[in-house]
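Overview (structure and organization)
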Amino acid sequence: MRILFLSTEADPFAKSGGLGDVIGSLPRELKDQGIDARVMLPLYKSIKQKYIKDMKFISDFSVDLAWRNIYCGLFEIEYDGVTFYFLDNEYYFYRDNYYGYFDDGERFAYFSKAVLSSLGVLDFKPEILHCNEWQTALIPVYLKTLLKDDPNYNTIKTVFTIHNIEYQGRFDKNLLSDILGLSEEFRNLITYNNDINFMKGAIVTCDKLTTVSPTYAEEITYSFYGRGLEEIIKENQYKLKGILNGIDTKLYDPEKDKTLAANYAINNSKNKEMNKKDLQKNLGLKIDSSIPIFAIVGRMVEHKGIDMIINIFEELMNEKIQVVVLGTGMKEYEDFFKKKAYDYGDRMNTVIGFSSELATKIYAGSDFFLMPSISEPCGLAQMIALRYGTIPIVRETGGLKDSISAFSPENGIGNGITFKSINSQDLLGAVKRAIKFYWNKDNWHVLIKNALKSDFSWKQSTKEYMSMYEEIY
Ligand code: GLC
C-alpha cells in the first residue's frame, strides 16, 4: 500500500507543535509494518542546512493557481528510512515563520495544488493521500472537483485528519475564483457561514475523516468543541474515526536519553531524583528533592486552561511546592508567569521560549505535569510526562481523557490525577489530591510505577490506521 502524508510540519524538518511530532513518527511506524508511507512538506527557510545539503533535486514543474502559473521545485531526502519530499517556492515558503501571513490562504492553496501536480512527475504513485489540518484541506476538494474526471487522479483516495478544529482556514469569500480557481458551482462545498472554510471543504470531500483521539471525535459533534463545524461533523460522522496518537518511544526514553543527568527505568526509578536535583540546580530553585515540582510546558493559549491555573495560583503556592514553566504564547500569560517567577524566587522559574532539551529535563526532573486543557484533541505532553515517570494532572477532555486514568489509592490503579469541569476549584482539588498522594510514599511508588508502565507507543494506533486504510484502499 502506498500512502503519501501531506503536512506543513514533520519533525525534524519543521515543528511548531504536536503535528510535527505525529508526522515525524507515524509514517515510520507504518513503514515498519510494511506500508510504503512517505511525506511531503513545504521547503521552509528554517529547515536546517544539514538536511538541505543532503536533499536531492528531482524535478521542477509549474502549478496553476487560478490565473497564476507558478514555479515549483521538488526535492527528496531519506530520513530514518522514510522518504520526505519538499516543495520549493521561495516566494511562499522562504519566510521566517510557517504561518501567520496575510496570504496564508494563497500559500497553502498553492501547496495543495503543487502536491497534486507533483504526482505527475513523481515515480511514486500513492493510492492514498493522507492530509493533515486545514493547510492541506484543499487536496480532497480538488480531487472531487477539478480532477474528478481525470483518470490520473480519480482513483486516489483521501484521509483527512483534524489535529485541532480551532484552526479551520477561514478566508474571505472572494478567494474562490481568484485564488482557489474554483467556479461558482463549488462555492457551497467550501463555504461555511459566508466564509471560505478550507477545513469544511475537506470534511465534506474526504473519503475518511479522522481525529486524534476517540473522545475528541465525539466532542467535536458538540457546539462547545466543534467551533461552528459541529453540524458538518455530524453529517459526516459515518466516515469519522478517532485514533489516539502515539509518541516516539525511542526518542523519549528515560533509559537512553542523553540529555538526562542520570538514566532510569522502572526498576531504578530512584535515579529520577538526580534529574530533579539537576533541574533545581539549573533553574536556580532550592535544591531539595523532597519538595514536589509542578511543571507546565507548552503553548500558552486559552484552550490550554491557563486561566484556571492563574485563578488558583496563590493557593497553589501556599503548598510546599516548586513550579517550573516553559513555553510561549499569549503575552499576558507569559507576563504572568514571568512576574510570578520573580516574586517566588527560588521556588519558581519561568522560561519563555522553547527548547526540546530543557523540555526533556523538565519532564524527567519534575513530579507533576499540569495540563488542565479546556479542549485537547490528543495532547502528547501528558504521554511524554508519563514516559519519564512524571504524573499528569489533567482535565478529562479529548486525548487527556483517553490516556490518563484517575489514580485510586484503594486498588492502586491509575496513572494520573484528573478532574471534570472547567472550574478552577476542581483543578485546585486535583492538585491537593496529587500532593496528598505524593506525601504518602506507598501511594507515590505505585503511581510512579503505573506511569512508567503506561504504553503510548504507536503499536495499537498504527493497527487502527492500517485497518482504516484497508477500508478505502
Ligand atoms: C494539535 C492538538 C494536540 C495534538 C496534536 C497532534 O496540536 O492541539 O492536542 O496532540 O495536534 O495531533
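Small disclaimer: the values here were computed from a predicted structure and weren't measured. Residue indices begin from 1 for each chain and proceed along its sequence in written order. With the structure being a predicted model, the display of local features is reserved for residues of pLDDT at least 70 and the display and counting of side-chain atom pairs for 80 or more, all residues being used for whole-chain, interface and lining totals. With hydrogens and water excluded, all non-hydrogen atoms of the structure serve as input to the side-chain values.

A few words now on the overall build of the protein. In this description a helix means any DSSP run of H or I spanning at least four residues, a strand means any run of E spanning at least two, and both kinds are numbered starting from the N terminus. Scanning the protein for helices and strands turns up 20 helices and 18 strands. Compactness check: the protein gives a C-alpha radius of gyration of 23 Å against a globular reference of 23 Å for 473 residues, within 12% of the reference. Taking the principal axes of the C-alpha coordinates as reference, the protein spans close to 65 × 45 × 40 Å. Exposed residues in this analysis have more than 50% of their type's maximum accessible area, buried residues have under 20%, and partly exposed residues fall in between, with area computed by a 1.4 Å probe over protein chains only. For the protein, with 473 residues in total, the buried portion stands at 60%. When the accessible surface of the protein is totalled, it reaches about 19,500 Å², and 48% of it is carbon and sulfur. In the protein, which carries 57 positive and 64 negative side-chain charges, the distance between the mean positions of the two groups comes to 5 Å. Here the radius of gyration uses the C-alpha set of atoms, whereas the globule reference equals 2.2 Å times the residue count to the power 0.38. Computed by Shrake-Rupley with a 1.4 Å probe, the accessible areas treat only the displayed protein chains as cover when residues are assessed. Residues scored as positive are Lys and Arg, those scored as negative are Asp and Glu, and His as well as the terminal groups of each chain are ignored. Every charge is mapped to an atom, namely NZ of Lys, CZ of Arg, CG of Asp or CD of Glu.

The next subject is the site of the ligand. Neighbouring the ligand are 13 residues, the closest being His163, Asn245, Glu376, Cys378 and Gly379. Throughout this description, a polar contact denotes any pair of N or O atoms lying within 3.5 Å of each other; where both atoms belong to protein, one of them has to be capable of donating a hydrogen while the other can accept it, and for residues adjacent in sequence the pair is counted only when both atoms sit in side chains. Residue His163 places a side-chain N or O atom 2.6 Å away from an oxygen atom belonging to the ligand. Note that an oxygen atom of the ligand is positioned 2.6 Å from one of the side-chain N or O atoms of Glu376. Here the ligand loses 93% of its free accessible area of 310 Å² to cover by the protein chains. Any residue with a non-hydrogen atom lying within 4 Å of a molecule or strand is treated as near it.

Backbone torsion omega between Asp11 and Pro12 reads 5°, so that peptide bond is classified as cis. Looking at the element boundaries, Pro12 is found in the loop between strand S1 (2-6) and helix H1 (18-32). Of note in this structure, Ala66 is not a glycine but carries a positive phi near 50°. One non-glycine residue with positive phi stands out, namely Asn194, at about 75°. Following the sequence through the fold, Asn194 ends up in the loop between strand S9 (191-192) and strand S10 (195-197). Classification of Asn194 as exposed rests on a relative accessible area of 58%.

Burial of strand S11 (residues 208-211) is two-sided: the residues Lys208 and Thr210 facing one way and the residues Leu209 and Thr211 facing the other way are all buried. With 4 bridges connecting them, strand S7 (residues 157-162) and S11 associate as parallel partners. For Phe160, the partnering residue across the bridge sits in S11 and is Leu209. Pairing between strands is defined by DSSP: at least two bridges between them are needed. Relative to strand S12 (residues 240-242), S11 is paired through 3 bridges, and the arrangement is parallel. Note on S12: the bridge partner recorded for Leu209 is Leu240.

What follows is about the packing of aromatic side chains. To pair, rings of Phe, Tyr and Trp, with the six-membered ring standing in for Trp, must have centres within 6.5 Å; the planes then decide the type, stacked if under 30 degrees apart, edge-to-face if over 60, and tilted in the middle. All chains considered together, the criterion is met by 34 aromatic pairs. Ring centres of Phe93 and Tyr110 lie 6.1 Å apart, and the angle between their planes is 45°; on these two criteria the pair is classed as tilted. Remark: Tyr110 occurs in helix H4 (residues 104-118) and Phe93 occurs in helix H3 (residues 90-93); sequence separation between them is 17 residues. Should the NZ of a Lys or the CZ of an Arg lie within 6 Å of a ring centre and within 35 degrees of the ring normal, that charge is described as sitting over the ring. Note that Arg95 overlies the ring of Tyr101, its terminal NZ or CZ placed 4.9 Å from the centroid. Here the guanidinium or amino end of Lys441 rests over the ring plane of Tyr438, the centre of that ring lying 4.4 Å away.

Bringing the sheet that holds S9 into the picture now. Strand order across the open sheet formed by 3 strands is S8-S10-S9, with antiparallel pairing between neighbours. Every other strand in the sheet has two partners, leaving strand S8 (170-171) and S9 as the edge strands with one partner each. Relative to S10, S9 is paired through 2 bridges, and the arrangement is antiparallel. Following the sheet pairing, Thr191 is matched in S10 by Ile196.

Counting 165 residues, the largest nonpolar core has Phe86, Leu129, Leu180, Phe337, Ile393 and Tyr469 as its most contacted members. In terms of residue count, the dominant contributor to this core is helix H18 (residues 424-439) (8 residues). Two domains each donate at least three residues to this core, and these are domain 1 (2-246 + 459-472) and domain 2 (269-453). Two residues form a contact once any of their heavy atoms are found within 4.5 Å. When near neighbours in sequence (up to four residues on either side) are disregarded, Ile393 contacts Phe294, Phe368, Phe369, Leu370, Met371, Pro372, Ile417, Leu427, Ala430, Val431 and Ala434. Among the buried residues, those of types Ala, Val, Leu, Ile, Met, Phe, Trp, Tyr and Cys that are joined through side-chain atoms within 4.5 Å form a nonpolar core. The start and end points of each domain follow an automatic or database-based domain assignment.

Before going further, it helps to examine the domain arrangement of the protein. For the protein, the assigned domains read domain 1 (2-246 + 459-472) and domain 2 (269-453). Taking the mean C-alpha position of each, domain 1 and domain 2 sit 33 Å from one another. If you look at the interface, domain 1 gives 18 residues, while domain 2 gives 16 residues. When the area that domain 1 buries against domain 2 is broken down by residue, the three leading residues are Thr215, Tyr225 and Leu244, summing to 28%. Two parts placed together each lose some accessible area; with a 1.4 Å probe, that loss summed over both constitutes the buried area.

Moving on: the side chain of Thr418. Residue placement: Thr418 occurs in strand S18 (residues 417-419). When its relative accessible area of 8% is taken as the criterion, Thr418 is described as buried. Among the polar contacts made by the side chain of Thr418, one reaches the side chain of Glu396 at a distance of 2.6 Å. Filtering out sequence-adjacent residues up to four positions away, Thr418 remains in contact with Val394, Glu396, Ile404, Ser405, Ala406, Ala430 and Arg433.

So, about the pattern of salt bridges. Opposite charge on two side chains lets them pair, provided their charged atoms get close. Any Lys or Arg side-chain nitrogen found within 4 Å of a carboxyl oxygen on Asp or Glu counts as a salt bridge. Under the counting rule described, the total for this entry stands at 29 salt bridges. A salt bridge links Asp253 to Arg387; the nearest nitrogen and oxygen atoms lie 3.5 Å apart. Placement of Asp253 in the loop between S12 and helix H11 (272-282) and of Arg387 in helix H16 (residues 381-387) is noted, with a sequence separation of 134 residues between them. Owing to a relative accessible area of 10%, Asp253 belongs among the buried residues under this scheme. Close ionic contact of Glu376 with Lys304 constitutes a salt bridge, the shortest N to O distance being 2.9 Å. You can see Glu376 sitting in the loop between strand S16 (368-371) and H16 and its partner Lys304 sitting in the loop between strand S13 (293-297) and helix H12 (306-311), a full 72 residues away along the chain. The exposure class assigned to Glu376 is buried, which follows from its relative accessible area of 5%. Residues joined by salt bridges that share partners form a network here, namely Arg28, Asp80 and Asp248.

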